[in-house]
Amino acid sequence: YAVFCLKKKKAGPEVNRSLWGKGVTVAVLDSGVAAHPAFTEGQVMHVDLVNDGRPFEGHGTAIASLIVGSVDGAQGVSPGAGILDVRIAGATGSDSFLLARGIMTALDRGAQILNVSMGSYGDSPVVAQAISEALRRGVVVVAAAGNDGAAVKNWPAAYPGVISVSGVDASGQLAYYSNSGE
């Protein structure tokens with residue numbers, strides 16, 4: 001999306017994007033979303049399933065800013081949306097049970113979109129069941145294809161119905177490190 005916008009940008013008045021995503025809740029299932037100037041007051045709600053007392057890692061904050069960032073240098077694609085931060089990863093990572101629990105927590109709290117920027121090469125019945133429930137409820141699920149340069153997608157991005165996201169470079173080409181697949 002961002003590459004498309006950059007290529008299509010024309011000279012003229014700025015488009016007011018501040019309301020894009022208004023009324024939509026995006027669950028970021030990740031390492032936690034820390035306070036950051038890119039977020040407006042009250043825009044981020046937190047659920048910490050790791051609960052280890054450690055500070056949140058930066059990855060979840062970076063992902064949330066790509067979605068709802070609203071300051072120069074951190075423009076998100078939907079700055080009017082709300083973020084439901086569901087922390088499922090700590091210093092030692094995460095596991096399938098925390099991911100599935102996080103998905104169900106996000107569903108129970110009304111998320112319309114789930115963002116999972118992590119994955120594994122092993123299928124998990126508990127994650128498959130949670131993803132299936134999300135899709136049954138009409139929730140959009142977006143997941144990372146992976147960052148190993150492999151020709152196969154990580155799960156949950158490999159599940160049917162999940163929008164799989166790969167990385168691109170500055171010219172819009174598949175990044176050398178990004179996984180890909182059907």
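Going by the structure above, here's the rest.
Residues numbered from 1 in each chain as written. Predicted model: local features only at pLDDT ≥ 70, side-chain atom pairs only at ≥ 80, totals over all residues. Heavy atoms only, no water.

Trainee: Outline the packing of aromatic side chains, listing residues and values.
Mentor: Evaluated as defined, the whole model comprises 2 aromatic pairs. Ring centres of Tyr 176 and Tyr 177 lie 5.3 Å apart, and the angle between their planes is 90 degrees; this geometry places the pair in the edge-to-face category. (Phe/Tyr/Trp six-rings, centres within 6.5 Å; stacked < 30°, edge-to-face > 60°.)

Trainee: Account for the packing of helix α3 (residues 96-108) against helix α4 (residues 125-136), with residues named and values stated.
Mentor: Between α3 and α4, the shortest axis-to-axis distance is 8 Å and the interhelical angle comes to 15 degrees. Classified by the angle their axes make, α3 and α4 are roughly parallel. The crossing of α3 and α4 is left-handed. Residues Ser 96, Phe 97, Leu 99, Ala 100, Ile 103, Met 104 and Leu 107 of α3 form the contact with α4, whose own contacting residues are Val 126, Val 127, Ala 130, Ile 131, Glu 133 and Ala 134. Its residues assigned to classes, the contact of α3 with α4 shows 11 nonpolar, 1 polar and 1 charged. (Axes fitted to C-alpha atoms, helices over the stretch in contact; angles between N-to-C directions. Helix = DSSP H or I, 4+ residues; strand = E, 2+ residues; numbered from the N terminus. Parallel < 35°, antiparallel > 145°, perpendicular 65-115°, else oblique. Left-handed = near helix turned anticlockwise from the far one by under 90°. Contact = heavy atoms within 4.5 Å. Nonpolar A, V, L, I, M, F, W, Y, C, P; charged D, E, K, R; others polar.)

Trainee: How would you summarise unusual backbone geometry if you had to cite specific residues and measurements?
Mentor: Excluding glycine, residues mostly carry a negative phi; peptide bonds, for their part, are mostly trans. That bond from Trp 155 to Pro 156 is cis: its omega, 15 degrees, falls within 30 degrees of zero. We note that Asn 51 has phi near 50 degrees; this positive angle belongs to a residue other than glycine. Among the structural elements, Asn 51 can be located in the loop between β2 (44-48) and α2 (58-68). We classify Asn 51 as exposed; its relative accessible area is 62%. (Buried < 20%, exposed > 50% of the residue type's maximum accessible area, 1.4 Å probe, protein only.)

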